[in-house]
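Letter by letter, the chains look like this.
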Amino acid sequence: MGKSRSGRRGGRAAQSPDVTVRRAEAGDAGRLTRLVRTSRAYEGPYAPMVAGYRVGPDYVETHRVFVAEDDGTGQVLGFYALVVDPPELDLMFVADAAQGRGIGRLLAAHLREEAHGAGLAAVRIVSHPPAEGFYRSIGAERVGTVPADPPAVLWDRPELLLRIG
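Residues numbered from 1 in each chain as written. Predicted model: local features only at pLDDT ≥ 70, side-chain atom pairs only at ≥ 80, totals over all residues. Heavy atoms only, no water.

Points about the overall build of the protein
Broken down by element type, the protein carries 5 helices and 8 strands. Going from the N terminus to the C terminus, the protein shows its helices and strands as β-β-α-α-α-β-β-β-α-β-α-β-β. Out of the 165 residues belonging to the protein, those deemed buried represent 47%. Considering only residue pairs separated by 6 or more positions, the protein has 60% of its internal contacts joining residues 24 or more positions apart. (Helix = DSSP H or I, 4+ residues; strand = E, 2+ residues; numbered from the N terminus. Buried < 20%, exposed > 50% of the residue type's maximum accessible area, 1.4 Å probe, protein only. Contact = heavy atoms within 4.5 Å.)

Structure (structure tokens):
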């Protein structure tokens, strides 16, 4: 899908109009891994889930991974990964310093366009529990709960469906 400027998006725009959403490249893998591992959303009881997590170059090349990047600094502000078959949002993270700037909404709008272009009717989201409110605010509907799966995941997670159309 190419580049998208936050100034051309619906919904709440990012504070800076100089944000581009672009397809991730294998060379972005290290920055994406750091973003995941340092996320304050995964502190405390959630920390073990991301402690050894790695977004590898092979993952970036295999999946539809998109990065929100500051045009001026090249800083990664957030990213998401869409799996097409079966349709699921596999990852979505916004850098702590970029929280509240509309980056999540920018990525969600891009996700909708990407899913629509792929012919998807809906995208499944298994949410980090504190992120459920965000996903519901962009139109996802709760459809169930995914039970904990120790030792990888120690808590139940909301299952949502984001309809595309």
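Here we look at the pattern of salt bridges
Evaluation of the coordinates by the stated rule reveals 10 salt bridges. One salt bridge connects arginine 22 with aspartate 28, and the closest N-O pair in it is separated by 2.8 Å. Judged by relative accessible area, which is 13%, arginine 22 ranks as buried. In this structure, glutamate 159 engages arginine 124 in a salt bridge whose closest nitrogen and oxygen atoms are separated by 2.7 Å. On the criterion of sequence distance, the pair formed by glutamate 159 in strand 8 (residues 157-163) and arginine 124 in strand 6 (residues 122-126) is long-range, its members being 35 residues apart. Through salt bridges with shared partners, a single ionic network connects Arg22, Asp28, Arg31 and Glu69. (Salt bridge = Lys/Arg side-chain N within 4 Å of Asp/Glu carboxyl O.)

Topic: the pairing of strand 8
Counting buried residues along strand 8, 5 of its 7 residues qualify, which places the element largely inside the surrounding structure. As defined by bridge partners, strand 6 adjoins strand 8 across 5 bridges and the pair is classed as antiparallel. Paired with alanine 122 across the two strands is arginine 163, which belongs to strand 8. (Pairing = 2+ DSSP bridges.)

Some words on helix 1 (residues 29-37)
Ala29, Leu32, Thr33, Leu35 and Val36 are the residues of helix 1 that are buried. Projection of helix 1 onto a plane perpendicular to its axis shows the buried side chains occupying an angular sector of 160°, all on one side. At its buried positions, helix 1 is contacted by helix 2 (47-50), helix 3 (57-62), strand 3 (64-70), strand 4 (76-83) and strand 5 (88-94). (Arc of directions from axis to C-beta.)

A look at the environment of valine 76
With respect to the secondary-structure elements, valine 76 resides in strand 4. Sequence separation between valine 76 and alanine 98 is 22 residues; the distance between their C-alpha atoms is 9.3 Å. Not counting chain neighbours up to four residues away, the residues in contact with valine 76 comprise Arg31, Leu32, Leu35, Val67, Ala68 and Ala95.

A look at the packing of aromatic side chains
The description of an aromatic ring pair rests on the distance of the ring centres and on the angle between the ring planes. In the structure shown here, the tally under the stated rule is 6 aromatic pairs. Both rings, one in tyrosine 42 and one in phenylalanine 93, keep their centres 5.7 Å apart while their planes meet at 35°; by these two values the pair is tilted. Of this pair, tyrosine 42 sits in the loop between helix 1 and helix 2 while phenylalanine 93 sits in strand 5; the two residues are 51 residues apart in sequence, bridging distant segments of the chain. Assessed through its relative accessible area of 7%, phenylalanine 93 is described here as buried. Plain terms: the ring middles of phenylalanine 66 and tyrosine 80 are 5.4 Å apart, the flat faces sit at 25° to each other, and that makes the pair stacked. Separated by 14 residues along the polypeptide, phenylalanine 66 in strand 3 and tyrosine 80 in strand 4 bring together distant segments of the chain. Owing to a relative accessible area of 0%, tyrosine 80 belongs among the buried residues under this scheme. One aromatic cluster is present, built from ring pairs that chain together Tyr42, Tyr46, Phe79, Phe93 and Trp155. (Phe/Tyr/Trp six-rings, centres within 6.5 Å; stacked < 30°, edge-to-face > 60°.)

Describing helix 4 (residues 103-117)
Side chains that are three or four residues apart share a direction in an α-helix, a result of its 3.6 residues per turn. Under the 1.5 Å per step criterion, the end-to-end length of helix 4 is 21 Å for 15 residues, consistent within 8% with the ideal 21 Å. Within helix 4 the residues assigned to the buried category are Ile103, Gly104, Leu106, Leu107, Ala108, Ala109, His110, Leu111, Glu114 and Ala115. A positive phi of about 80° marks glycine 119, the residue just after helix 4. (Expected span 1.5 Å × (residues − 1).)

Quick look at the nonpolar core
Formed by 47 residues in total, the largest nonpolar core has its most connected members in Leu32 and Phe79. In this structure, leucine 32 is in contact with Ala24, Val55, Val60, Val65, Val67, Val76 and Phe79, ignoring residues within four places of it in sequence. (Core = buried A, V, L, I, M, F, W, Y, C linked by side-chain atoms within 4.5 Å.)

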